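Letter by letter, the chains look like this.
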Amino acid sequence: MNLKYAIVIPATFAGALYLTTISPARGQPVHGESIDASAPALSAPAPAPTSTLAAMSPGGATKADFETLASFPFDAPNTAVTNKADLEKVAKQIPETVKKLDGKTVRIRGFMMPTKESAGKATEFLITRSQPSCCFSGATGLNEFITVKAAANGVAENMDDAVAIEGTLHVGLVTDSGYVVGLYQMDGGKIIPAGH
């Protein structure tokens, strides 16, 4: 066999193999689905997410949650601050979305920690984001609890389960001898039974 034909035959065979098995048929896609030249179908825009703060409870109170109240980093000064300008600077860490809750009747779920009692009822207590537990829970941030003054003669204590509390929320720096000790206070706090 001539060397000239030995080279041509494999080249011809490779070309035929390409045309029959590897090369796609004319008009067929190389990878994936074929491209449609028509205009893409337009879908309706997705609805804007509903803010938890905009939702209302059955009693007409604004629903709040600790995911929102504790959604920002807050650095409290380690020293007493008595200068009004410095206090305003510290207060600027609270976002406007949270400040909008100031003075509103809100309902929030959390864990009760009584601080004052009378006749077997809690007259003042904290509502915290998570249940405090000895040794295992980290330090509670200033934006992770609400100091509550109970309505009327107080509320029944319930430290075992999360409770829903409703009252007037006040958002702003809570100070004691110049030290920032909290961000949230609630007046007229009452426990809302499940399903209400």
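Since the structure is predicted, the reported quantities are computational estimates derived from the model, not experimental observations.

The helix and strand inventory of the protein stands at four helices and six strands. For the protein, the residues scored as buried account for 27% of the 196 residues in total. Partitioning the intrachain contacts of the protein with sequence separation of at least 6 by distance along the chain shows that 65% fall at a separation of at least 24. For the protein, the accessible surface area stands at approximately 13300 Å², while carbon and sulfur atoms represent 57% of it.

Below, the discussion takes up the pattern of salt bridges. On inspection of all chains with the given rule, the structure shows four salt bridges. Across the pair Arg 129 and Glu 144 runs a salt bridge, and its minimum N-O distance is 3.3 Å. You can see Arg 129 sitting in the loop between strand E3 (121-128) and strand E4 (145-150) and its partner Glu 144 sitting in the loop between E3 and E4, a full 15 residues away along the chain.

We now examine the confidence of the model for the protein. With 68% of its residues at a pLDDT of 70 or more, the protein has an overall mean of 79. Considering only residues more than four positions removed or in separate chains, one finds that residues 3-36, a stretch of pLDDT under 50, has eight contacts.

Mapped onto the elements of the fold, Asn 143 is located in the loop between E3 and E4. Sequence-distant contacts of Asn 143, that is, excluding residues within four places in its chain, are made with Phe 66, Leu 69, Ala 70, Phe 72, Phe 74, Leu 183 and Tyr 184.

Here strand E2 (residues 105-118) pairs with E3 via seven bridges, running antiparallel. Bridging across to E3, Met 113 finds its partner in Leu 126. For E3 and E4, the ladder comprises five bridges, and the chain directions are antiparallel. Each bridged residue has a counterpart across the sheet, and for Leu 126 the counterpart in E4 is Thr 147.

Right, let's talk about the pairing of strand E5 (residues 163-176) for a bit. For E2 and E5, the ladder comprises six bridges, and the chain directions are antiparallel. Within E5, the residue paired with Ile 108 across the bridge is Ile 165. Pairing geometry for E5 and strand E6 (residues 179-192), over 10 bridges, is antiparallel. Each residue of the ladder has a partner; that of Ala 164, found in E6, is Ile 192. Taking the residues between adjacent antiparallel strands as the criterion, E5 and E6 are bridged by two residues, where Ser 177 takes a positive phi near 55°.

Cut-offs and rules
- Residues numbered from 1 in each chain as written.
- Predicted model: local features only at pLDDT ≥ 70, side-chain atom pairs only at ≥ 80, totals over all residues.
- Heavy atoms only, no water.
- Helix = DSSP H or I, 4+ residues; strand = E, 2+ residues; numbered from the N terminus.
- Buried < 20%, exposed > 50% of the residue type's maximum accessible area, 1.4 Å probe, protein only.
- Contact = heavy atoms within 4.5 Å.
- Areas by Shrake-Rupley, 256 points an atom, 1.4 Å probe, with all protein chains shown as cover.
- Salt bridge = Lys/Arg side-chain N within 4 Å of Asp/Glu carboxyl O.
- pLDDT = per-residue confidence, 0-100.
- Pairing = 2+ DSSP bridges.

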